[in-house]
Amino acid sequence: MTTTLEGTARRRPVQIGLLLQRQGALIALVVLVVFGTLRYGENFATGFNLSSFTGDTAKYGLVALGMTFVIMTGGIDLSVGSVVALGGVVAIKVSEHGLLAGLLAGTAAGAAVGAVNGTLITRLRLQPFIVTLATLLAVRGLALTLAGTRAAVAAPGDFQKLGDWSLLGLPVAAWAMLFAFLVGAGVLNYTAWGRRVLAIGGNVDAARLMGLPVARTTFSVYVLSGALAGCAGVFLGSQNGSVDTAAGQGWELTAIAAVVVGGTLLTGGVGSVLSSLVGVLLLQLIFNLIVFENGKGFINISSFWESVIRGAFLLVVVLLQVRLVKRRRAAGRSA
Amino acid sequence: MTERRAADSHPADPGATTPDPVGQRVAEPAADATAPAPPGGGPRVQWSLWAQRYGALAALVVLFVYNAVATPYFLTPQSLLFILLRQAAPIAIVAVGMAIVIGTGGIDLSVGSVMAIAGQVGASLVLHDQPFLLAIVAALLVSALCGAFNGTLVARFGVQPIIATLILFIAGRGIAQLITNGELQPLSNPDFQWIGLARPFGVPAQVIIAVVVAVVAWLVMRLTVFGRYVLAVGGNETAARLAGVPAARVKLLAYVTSGVLAGLVGLIAVSATSASDANNTGVGMELDAIAAVAVAGTPLTGGRVTVWGAVVGAVMLKLLQNTLITHGVPKEVAQIIEGAVIVAALWLQRQETRA
């Protein structure tokens, strides 16, 4: 699922390069899954591991999906981690009125934060990095205020069951993530809005001169990112039964890492939705494999290695990306 | 507050086409240069310029006066030196490094993790009976190495600064935790902990260090070729490179500076708490430092470095936080207000660009 704005079909080497850039993560994912299955056997390839893994990953996936769209416009959304906490707290507070109310309220709270981000970025023309940095601070404060500075605990009932329910062996959260990614990929590739997002990221001025509604599209991207992060918060709250004060901390960077590993360029204008899914799965799978490796008992890799390995992985991906971009530029010049 | 733009400092820089109505010539009427001020627009432009340049300082003065009147015991050395400035000093030191990196058009997200690594390295060496000077030098060398890693990715490989420093932000914390397996190490070595606990002349050592760092950085930015190159690279990198500025080396050096300053603050942090804690040292420091630089009106796009602005921004944000908390505002609400202040500061900055 690769998407570039320029028609690169003519230049074959470029296409192969882009393909590698995209599919590198997928190849690594497949290799790791095969490795895990061979090494850890039945324990790894069980329905239980699949279910808990996808249920856990779903929250990061939803956040990364929103981040993908934001990054494709050339922006960034650092506030998502705090929005996860806010969405979770709001959902838990509202969930006494029923599951649906909680789900909607949590998502709406996230969308509202996204609207604030979008307004500040498009109307006041402030830099996305700093605007969302400020909302990162403010929204966490808001979430803590709403929660009364303690962990917000959900009342037992439908809301808590949302985290337990599963369909065909996969938890609801995983289905929600898959659904969201498929819709996201469809929207990016087959709707005018999706093309606009890429056009803005490719060249804002050109997009504006073409008469595209730049401000409106940018605004909607941040609303989407906020809503998805709020929704991730709802799932976090329903899976844990509570949202603690540190919920979602640092998720923005995990999401950015996943998007970059997936091959979306931070400069905007180029990107792929399903690759971000691969990126999220890959980064989470590393963690999953470390758990299993420890379970074997031969060695004891502390969880601290997890961040080192993730960082090293990001390094390799980034260096590969740089090479490919350079090659692409060289090809563009010669053409 | 001193600010200089690439346009002022580098004659060969085509960035000079951007009118800089104030620059260093604050005394002259603002709209005298190339920007034709609309009739009646003059005072407004001047006001917003003033607000942008001195907004943080003005806010600091207002907060200070308010506290002097409304907060009991605020005007005591105990409160000023040992609470406000002692808390603000680490942020100010990191913010100075951050300001230089931002001046080149970059950003350094890894400072918190570098703090943790430096703290762990220093504390571990001291706890293994190494001389304290060796521990400090080793910790700073490791931080310089971290900065060089960031700088190499940015300058040689052309990786975007956010992503390049994100790598060390993620991996660095794990590295710091691995040094001691994530365990807390209690410290008691007065020589090593001098930078965090000593109070020469009745002033906390970290406050003195912060002042020294700021003065040196200010002089470097003002008087040295490196200072001018930083502004040139941040103002217009292509132009700077064409004019013969060694852009890659300048950027590398900027990240190394930021790394070393972060490492220094890491040593201060473990010394002041008498414990090295890889899990918590420097968490969130990158946000504090960036916010301090941003409220002082330094554009994140590069080309301008305001060393004193970063210091004022750090002290102002800390005082704002302390004021709200001492007056019974919950910490969470204080956080919301802090976010609003950062946005307001940016908005003022935006006004200037439009003018």
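Here the structure is a predicted model, which is why all the values come from computation and not from measurement. (Residues numbered from 1 in each chain as written. Chains lettered and ligands numbered in written order. Predicted model: local features only at pLDDT ≥ 70, side-chain atom pairs only at ≥ 80, totals over all residues. Heavy atoms only, no water.)

1. Things to note about the overall build of chain B
Point 1. Across its full length, chain B holds 14 helices and two strands.
Point 2. Counting every position in chain B, which comprises 355 residues, the buried fraction comes to 56%.
Point 3. When contacts within chain B are restricted to residue pairs at least 6 apart in sequence, those whose partners lie at least 24 apart make up 77%.
Point 4. A total accessible area of about 14,400 Å² is found for chain B, and carbon and sulfur atoms account for 67% of it. (Helix = DSSP H or I, 4+ residues; strand = E, 2+ residues; numbered from the N terminus. Buried < 20%, exposed > 50% of the residue type's maximum accessible area, 1.4 Å probe, protein only. Contact = heavy atoms within 4.5 Å. Areas by Shrake-Rupley, 256 points an atom, 1.4 Å probe, with all protein chains shown as cover.)

2. As for the overall build of chain A
Point 1. Secondary structure assignment for chain A yields 13 helices and four strands.
Point 2. Expressed as a percentage of its 335 residues, the buried residues of chain A come to 56%.
Point 3. Here the analysis covers contacts within chain A between residues at least 6 apart in sequence; of these, 79% occur between residues at least 24 apart.
Point 4. When the accessible surface of chain A is summed, it comes to about 14,000 Å², and 65% of that surface belongs to carbon and sulfur atoms.

3. Digging into the side chain of Glu252(A)
Residue and element names in this part refer to chain A.
Point 1. Mapping glutamate 252 onto the fold places it in helix α11 (residues 251-261).
Point 2. Buried charged residue glutamate 252 carries no salt bridge. Nearest counter-charge: arginine 140, at 6.4 Å.
Point 3. In contact with glutamate 252, other than residues within four places in its own chain, are Met67, Asp77, Leu78, Val80, Gly81 and Leu136. (Lys, Arg positive; Asp, Glu negative; His and termini not counted. Salt bridge = Lys/Arg side-chain N within 4 Å of Asp/Glu carboxyl O.)

4. What about the nonpolar core?
Point 1. Judged by nonpolar contacts, the single largest core of 194 residues is most densely connected at Phe69(A), Phe129(A), Ile130(A), Ile256(A), Leu314(A) and Ile93(B).
Point 2. When residues of this core are assigned to their parent elements, the largest contribution, 14 residues, is made by helix α3 (residues 77-103) of chain B.
Point 3. When residues no more than four places from it in sequence are discounted, the contact partners of Ile256(A) are Met67(A), Ile71(A), Ile76(A), Leu78(A), Ile163(B) and Leu166(B). (Core = buried A, V, L, I, M, F, W, Y, C linked by side-chain atoms within 4.5 Å.)

5. A word on the packing of aromatic side chains
Residues and elements named next belong to chain A.
Point 1. Within the structure shown, the criterion is met by three aromatic pairs over all chains.
Point 2. Centre to centre, the rings of tyrosine 60 and tryptophan 251 are 4.4 Å apart; their planes meet at 35 degrees, and the pair counts as tilted. Placement of tyrosine 60 in helix α2 (residues 47-72) and of tryptophan 251 in helix α11 is noted, with a sequence separation of 191 residues between them. For the pair formed by tyrosine 60 and tryptophan 251, the shared burial category is buried.
Point 3. Geometrically, the ring pair formed by phenylalanine 69 and tryptophan 193 is tilted, given 5.4 Å between the ring centres and 45 degrees between the ring planes. Within this pair, whereas phenylalanine 69 is found in helix α2, its partner tryptophan 193 is found in helix α8 (residues 192-202), the two being separated by 124 residues in sequence. The residues phenylalanine 69 and tryptophan 193 share a single accessibility class, namely buried. (Phe/Tyr/Trp six-rings, centres within 6.5 Å; stacked < 30°, edge-to-face > 60°.)

6. Description of the pattern of salt bridges
Two side chains bearing opposite charge may form a pair once their charged atoms approach each other closely.
Point 1. Summed over all chains, the structure comprises four salt bridges over all chains.
Point 2. The residue Asp205(A) makes a salt bridge to Arg208(A) at a minimum N-O spacing of 3.9 Å. A residue pair is termed a helical-turn pair when its members lie 3 or 4 positions apart in one helix, as Asp205(A) and Arg208(A) do in helix α9 (residues 204-209) at three residues.
Point 3. Glu237(B) serves as the salt-bridge partner of Lys251(B), at 3.2 Å between the closest nitrogen and oxygen.

7. Observations regarding the interface of chain A and chain B
Reports of interface size often rely on the accessible area that becomes lost once the parts have come together.
Point 1. Counting from both sides, the interface comprises 39 residues of chain A and, opposite them, 38 residues of chain B.
Point 2. Roughly 3,400 Å² is buried in total at the junction of chain A and chain B, and carbon and sulfur atoms are behind 81% of that figure.
Point 3. Across the contact surface, chain A and chain B share zero salt bridges.
Point 4. Here chain A is connected to chain B by zero residue pairs in polar contact (both at pLDDT 80 or more).
Point 5. For the side of chain A that touches chain B, the elements supplying multiple residues, two or more each, are α5 (128-146), α11 and α13 (304-334) of chain A.
Point 6. Broken down by element, the residue count for the side of chain A that touches chain B peaks at 13 residues, all from α5(A).
Point 7. Residues belonging to the side of chain A that touches chain B are distributed by class as follows: 27 nonpolar, eight polar and four charged. (Buried area = accessible area lost by both parts, 1.4 Å probe. Polar contact = N/O pair within 3.5 Å; in protein donor to acceptor, adjacent residues only side chain to side chain. Nonpolar A, V, L, I, M, F, W, Y, C, P; charged D, E, K, R; others polar.)

8. Brief notes about a nonpolar patch on the surface
All names here are of chain A.
Point 1. Together, Leu26, Val30, Val34 and Leu38 make up an exposed nonpolar region whose accessible area comes to about 370 Å².
Point 2. Mapped onto the elements of the fold, valine 34 is located in helix α1 (residues 12-44).
Point 3. By relative accessible area, valine 34 is classed as partly exposed at 42%. (Patch = residues over 30% accessible without salt bridge, like charges linked within 9 Å, V, L, I, M, F, W, Y side chains within 5 Å.)

9. Details of helix α4 (residues 111-127) of chain B
Residues and elements named next belong to chain B.
Point 1. Its 17 residues place the ends of α4 24 Å apart at the C-alpha level, agreeing with the 24 Å of an ideal helix rising 1.5 Å per residue.
Point 2. Burial runs high along α4: 15 of the 17 residues are buried.
Point 3. Looking one or two residues past α4, aspartate 129 carries a phi angle of roughly 60 degrees, positive in sign. (Expected span 1.5 Å × (residues − 1).)

10. A short note on the packing of α4(B) against helix α5 (residues 132-155) of chain B
Residue and element names in this part refer to chain B.
Point 1. Viewed as axis vectors pointing N to C, α4 and α5 meet at an angle of 155 degrees, and their least axial separation amounts to 8 Å. Considering the angle they form, α4 stands roughly antiparallel to α5. As α4 packs across α5, the resulting crossing turns out to be right-handed. On the side of α4, the interface is formed by Val114, Ile117, Ala118, Val121, Gly122, Leu125 and Val126, while α5 contributes Phe132, Leu134, Ala135, Ala138, Ala139, Val142, Ser143 and Cys146.
Point 2. Taken together, the residues of the contact of α4 with α5 break down into 13 nonpolar, two polar and no charged. (Axes fitted to C-alpha atoms, helices over the stretch in contact; angles between N-to-C directions. Parallel < 35°, antiparallel > 145°, perpendicular 65-115°, else oblique. Left-handed = near helix turned anticlockwise from the far one by under 90°.)

11. Comments concerning the environment of Ala258(A)
Residue and element names in this part refer to chain A.
Point 1. Mapped onto the fold, alanine 258 is located in helix α11.
Point 2. A relative accessible area of 2% means that alanine 258 is categorised as buried.
Point 3. For alanine 258, the contacting residues outside a window of four places in its chain are Ala64, Ser276, Gly279, Val280 and Leu283.

12. A short note on the packing of α3(B) against helix α13 (residues 307-326) of chain B
All names here are of chain B.
Point 1. Between α3 and α13, the shortest axis-to-axis distance is 8 Å and the interhelical angle comes to 140 degrees. Judged by the angle between their axes, α3 and α13 are oblique. Judged by the sense of rotation from one axis to the other, the crossing of α3 with α13 is right-handed. Every residue of α13 that contacts α3 at Ile83, Leu84, Leu85, Gln87, Ala88, Ile91, Ala92, Ala95, Val96 and Ala99 is listed here: Val307, Ala310, Val311, Ala314, Val315, Lys318, Leu319 and Asn322.
Point 2. Split into classes, the residues belonging to the contact of α3 with α13 amount to 15 nonpolar, two polar and one charged.

13. Here's the deal with the confidence of the model for chain B
Should pLDDT be low for a region, the predicted coordinates there are not to be read in detail.
All names here are of chain B.
Point 1. Across chain B, the average pLDDT comes to 78, with 83% of residues at 70 or higher.
Point 2. Per-element confidence in chain B ranges from a low mean pLDDT of 41 for helix α1 (residues 6-9) to a high of 92 for α5.
Point 3. Scored below 50 in pLDDT, residues 1-41 shows 67 contacts in the model against residues more than four places distant or in partner chains.
Point 4. This prediction of the complex comes with two scores: 0.76 for pTM and 0.70 for ipTM. (pLDDT = per-residue confidence, 0-100.)

14. Observations regarding the side chain of Ser82(A)
Residue and element names in this part refer to chain A.
Point 1. Along the chain, serine 82 turns up in helix α3 (residues 80-94).
Point 2. The exposure class of serine 82 is buried, given its relative accessible area of 2%.
Point 3. In this view, serine 82 contacts Leu136, Val139 and Arg140; residues no more than four positions away in its chain are not counted.

15. Re the environment of Arg304(B)
All names here are of chain B.
Point 1. Within the secondary structure layout, arginine 304 lies in the loop between α12 (285-295) and α13.
Point 2. The exposure class of arginine 304 is buried, given its relative accessible area of 3%.
Point 3. Residues arginine 304 and alanine 340, spaced 36 residues apart in sequence, show a C-alpha to C-alpha distance of 24 Å.

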